[in-house]
Amino acid sequence: MIERMKADFSIVFLCARLGVSVSGFHAWRKRAVSGRAERRWQLSTKVLSVFIDSKRAAGHRKITASLATDLGVHANRKTVLSVMRDLGIMPPAARAAFRRAAARARTAPDPVDLLDRRFQDTVEPGTVLVSDITYVPTGEGWLYVATVIDLATRTVLGWASSKRQTAALVITALSRAIATGHVRPGAIFHSDHGTQYRSRRVTRFCARAGLRRSMGKNFECWDNAVAESFFSKLKNERLRWLRFTTRHAATREVADYIRYFNDRRRHQALGYATPNELMTRLTTIHAATAA
């Protein structure tokens, strides 16, 4: 191939592009090649020329069309793609798509749904945690809020806020929940399929903390209804009527509502107990049973 292309490109450039030494090329020139290899090299010459003429922007489909229309060379697009891979040439969009595909291939499959919407079956505190992220508008931009809620008592065990929606936001909320001492070893950590919850950082953190990850189905909000319900109450009972000029002001209001929610708000689903009342009662019962 270098032999056919050296009239248009320097031998040093072609050898560097193909990953061969200049001395190796000169040694190759002394050996005979097959007809099939010759045809492949001829096609490679034309493919590289078309690619460079496109300012390195054309993909294998456009190059195949250009070969047929402009040069009268009819080649299978899969063959053209194979030649481009051999040459190590790829347009920027294809490189980005390849990186995304490679990242997906390296990512472990999402966890299965360990709850299956059986939210009322959990009666022991600290055995099932549900989590989600919402956003609050402010004059400085969005404030993102992540919560970790105990399913048995509806207590907000941990929460965090940030101007960015990242894995660190989830980890901070989860760390604060664990710090309360109410999270049991082997507890289920249930969430949706948000990128933060699917991240390697959250996956590693849960593994170190001994938590079992669980996710509902994609685009099924009811699979995480308890976490969604808390945010609905937060917005309808408090935030909807307020306007915040800063993220700090919004964070203070969220903190105040969570204190009210845990300490004073009575829930019909809890027999009109508050989350903290039920947490204390159930913790005492289960401690006595274990003893």
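That block above? That's the structure.
The paragraphs below set out a description of the structure included in this document.

Some remarks on the overall build of the chain
Part 1 of the reasoning: Of the regular secondary structure elements, the chain holds 13 helices and five strands.
Part 2 of the reasoning: Within the chain, the proportion of its 291 residues that are buried is 40%.
Part 3 of the reasoning: At a minimum sequence separation of 6, the contacts of the chain that also span at least 24 residues come to 60%.

Focus on helix α10 (residues 200–209)
Part 1 of the reasoning: Within the span of α10, buried status applies to Val202, Phe205 and Cys206. Here the buried residues of α10 occupy an arc of 95° about the axis, which is enough to place them on one side. With respect to the buried face of α10, the exposed residues turned more than 90 degrees away are Arg200, Ala207 and Arg208.
Part 2 of the reasoning: Its buried side turned inward, α10 meets α8 (167–179), β4 (188–191), α9 (195–198) and β5 (212–215).
Part 3 of the reasoning: Within two residues after α10, Gly210 carries a phi angle of roughly 75°, on the positive side.

Thoughts on the pairing of strand β2 (residues 141–150)
Part 1 of the reasoning: Within β2, eight of the 10 residues are buried, leaving the element largely enclosed by the surrounding structure.
Part 2 of the reasoning: Two strands pair when backbone bridges link them, and strand β1 (residues 128–138) and β2 are joined in this way by 10 bridges, in the antiparallel orientation. By the bridge assignment, Pro137 is partnered in β2 with Trp142.
Part 3 of the reasoning: What sits between β1 and β2 in their antiparallel hairpin is a turn of two residues.
Part 4 of the reasoning: Inspection of the sheet shows β2 paired to strand β3 (residues 156–162) by six bridges, in the antiparallel sense. Its bridge partner being in β3, Thr147 is matched across the sheet by Trp159.
Part 5 of the reasoning: Joining the antiparallel neighbours β2 and β3 is a turn of five residues, in which Arg154 adopts a positive phi near 65°.

Overview of the sheet that holds β1
Part 1 of the reasoning: In space, the five strands of this open sheet follow the order β3-β2-β1-β4-β5, with mixed pairing throughout. Two strands close off the open sheet at either side, each with one partner strand: β3 and β5. When strand polarity is set aside, the average angle formed by the axes of neighbouring strands in this sheet is 25°.
Part 2 of the reasoning: Along the sheet, helix α12 (residues 247–263) contacts β1, β2 and β3; its crossing angle with β3, the most-contacted strand, is approximately 175°.

Some thoughts on the packing of helix α11 (residues 225–237) against α12
Part 1 of the reasoning: At a minimum axis distance of 11 Å, the contact between α11 and α12 shows a crossing angle of 115°. α12 is crossed by α11, and the crossing has right-handed handedness. The residues of α12 that touch α11, namely those facing Phe230, Lys233, Leu234 and Glu237, are Tyr257, Ile258, Tyr260 and Phe261.
Part 2 of the reasoning: Of the residues in the contact of α11 with α12, the class split is six nonpolar, no polar and two charged.

Basis of the calculations
- Residues numbered from 1 in each chain as written.
- Predicted model: local features only at pLDDT ≥ 70, side-chain atom pairs only at ≥ 80, totals over all residues.
- Heavy atoms only, no water.
- Helix = DSSP H or I, 4+ residues; strand = E, 2+ residues; numbered from the N terminus.
- Buried < 20%, exposed > 50% of the residue type's maximum accessible area, 1.4 Å probe, protein only.
- Contact = heavy atoms within 4.5 Å.
- Arc of directions from axis to C-beta.
- Pairing = 2+ DSSP bridges.
- Axes fitted to C-alpha atoms, helices over the stretch in contact; angles between N-to-C directions.
- Left-handed = near helix turned anticlockwise from the far one by under 90°.
- Nonpolar A, V, L, I, M, F, W, Y, C, P; charged D, E, K, R; others polar.

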